[in-house]
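So the chains spell out like this:
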Amino acid sequence: SAADYIGTAYVSDVGLHGSMWRSDGSTWGLIGGICVLARSAVATSLTGTTALTTLVTQNMPGNLLGLNGAYRWRGKVSVTNNANAKTLYAYISGNLATGVGLSSLTTSGFEVWIENRNSASSQLCSNGSLAGISSAGSAWTTAATNTAIANTLTLQAQLGVGSDTLTIESWQLELHRS
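Residues numbered from 1 in each chain as written. Predicted model: local features only at pLDDT ≥ 70, side-chain atom pairs only at ≥ 80, totals over all residues. Heavy atoms only, no water.

A word on the overall build of the protein
What counts here: Per the convention used, a helix needs a DSSP run of H or I reaching at least four residues, while a strand needs a run of E reaching at least two, with both numbered from the N terminus. Summary of the burial criterion: residues with accessible area below 20% of their type's maximum are buried, those above 50% are exposed, and those between are partly exposed, where the area comes from a 1.4 Å probe applied to protein chains only. Residues are treated as being in contact if the distance between any of their heavy atoms lies within 4.5 Å. For every accessible area listed, the method is Shrake-Rupley and the probe measures 1.4 Å; residues are considered covered only by the protein chains on display.
From N to C terminus, the protein includes 0 helices and 14 strands. Going from N to C terminus, the protein has its helices and strands arranged as β-β-β-β-β-β-β-β-β-β-β-β-β-β. Looking at the protein as a whole, 44% of its 178 residues qualify as buried. Sequence separation of 24 or more characterises 66% of the internal contacts of the protein that already satisfy a separation of 6 or more. Carbon and sulfur atoms provide 52% of the accessible area of the protein, an area that totals close to 8,500 Å².

Put into structure tokens, the structure is as follows:
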């Protein structure tokens, strides 16, 4: 339990190269605040279908976020440059976190935030902005997923015309927790 490790740094296997955690007696805190959980530079493409298709799946253990932690998922995407609909979606255990349209582009970056809001079952999520920097004309997305239990984060895509292509070129998933 966390109470057994007060004042002790604990090395865990969470993240690509492990991570260090500390205990305050009741909860665990990530030393350094940010941990890369997973990353890939292997391109994953969608073409030949208009069905919503899962391109990336990451399983997350329960209680990883705590009450105020966040996942930040960012990466690079390339698409067929035309006006046809192409949409990239992020989900947490089947609940939509955000979706972003990628029409009339060649390449773009994406950044998705899924943040617990002082509760393991209340999240504030990105609202579809590209590269996480631009402003969007829509409200923040909210979710009600219980992060105290194991969850699955997915990146899915859908094409308006099956002959187009959407490729996730690379991505990185981070845990932000103090």
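Quick look at the sheet that holds strand β8 (residues 86-92)
Our working rule: For two strands to be treated as a pair, DSSP must find no fewer than two bridges joining them. Angles shown run from 0 to 180 degrees and are taken between the N-to-C directions of axes, each axis being a line fitted to C-alpha atoms and, for helices, limited to the stretch in contact.
Taking strand neighbours across the sheet as the criterion, the 4 strands line up as β6-β13-β8-β9 in an open arrangement whose pairing is antiparallel. Edge positions in the sheet fall to β6 (53-60) and β9 (95-101), since each of these pairs with one other strand and no more. Strand-to-strand twist in this sheet, taken as the mean axis angle between neighbours without regard to direction, amounts to 15°.

A closer look at unusual backbone geometry
Peptide bonds are trans in most cases, and residues, glycine excluded, mostly fall at negative phi. Look at Ser-104: it is not a glycine, yet its phi comes out positive at around 55°. Inspection of the secondary structure puts Ser-104 in the loop between β9 and β10 (107-116). By relative accessible area, which is 46% here, Ser-104 ends up partly exposed. Not every positive phi belongs to a glycine, and Asn-118 is a case in point at roughly 60°. By the element assignment, Asn-118 lies in the loop between β10 and β11 (123-125). Relative accessible area serves as the criterion here: at 56%, Asn-118 is assigned to the exposed category.

Considering the nonpolar core
Condition: In this text, buried Ala, Val, Leu, Ile, Met, Phe, Trp, Tyr and Cys residues form a nonpolar core when linked through side-chain atoms within 4.5 Å.
The biggest cluster of nonpolar side chains holds 36 residues, and the ones touching the most others in it are Leu-37, Tyr-71, Trp-73, Leu-166, Ile-168 and Leu-175. Put simply, the parts of the chain that give this core at least two residues each are β4 (34-40), β6, β7 (70-79), β8, β9, β10, β13 (151-159) and β14 (165-176). It is β14 that contributes the most residues to this core, 5 residues altogether. If we ignore the near neighbours within four places in the chain, the residues touching Leu-175 are Trp-21, Leu-30, Gly-33, Ile-34, Cys-35, Leu-37, Leu-64, Leu-65, Ala-70 and Tyr-71.

Considerations on the packing of aromatic side chains
Geometrically, a pair of aromatic rings is defined through the distance of the ring centres and the angle of the planes. To keep it simple, the criterion reads: Between 30 and 60 degrees the pair is tilted, below 30 it is stacked and above 60 it is edge-to-face, where a pair is any two Phe, Tyr or Trp rings, Trp via its six-membered ring, whose centres lie within 6.5 Å.
Inspection of the entire model under this criterion finds 2 aromatic pairs. Relative to Trp-171, the ring of Trp-73 lies with its centre 5.8 Å away and its plane at 70°, an arrangement referred to as edge-to-face. Of this pair, Trp-73 sits in strand β7 while Trp-171 sits in strand β14, and the two are 98 residues apart along the sequence. One exposure class covers both Trp-73 and Trp-171, and it is buried. On the numbers, 6.2 Å between centres and 45° between planes, the contact of Tyr-89 with Tyr-91 is tilted. On the basis of relative accessibility, which here comes to 15%, the residue Tyr-91 falls in the buried class.

Here's the deal with the environment of Glu-174
Formally: In the analysis that follows, any N or O atom pair within 3.5 Å is treated as a polar contact, provided that within protein one partner can donate a hydrogen and the other can accept it, and provided that, for residues neighboring in sequence, both atoms belong to side chains.
Tracing the sequence through the fold places Glu-174 in strand β14. Between the alpha carbons of Glu-174 and Ala-70 there is a distance of 8.2 Å; along the sequence they are 104 residues apart. Here the side chain of Glu-174 touches Arg-72 through a polar contact of 2.7 Å, side chain to side chain. Here His-176 takes part through its side chain, which lies 2.8 Å from a polar atom of the side chain of Glu-174.

These figures come from the coordinates and say nothing about function on their own.
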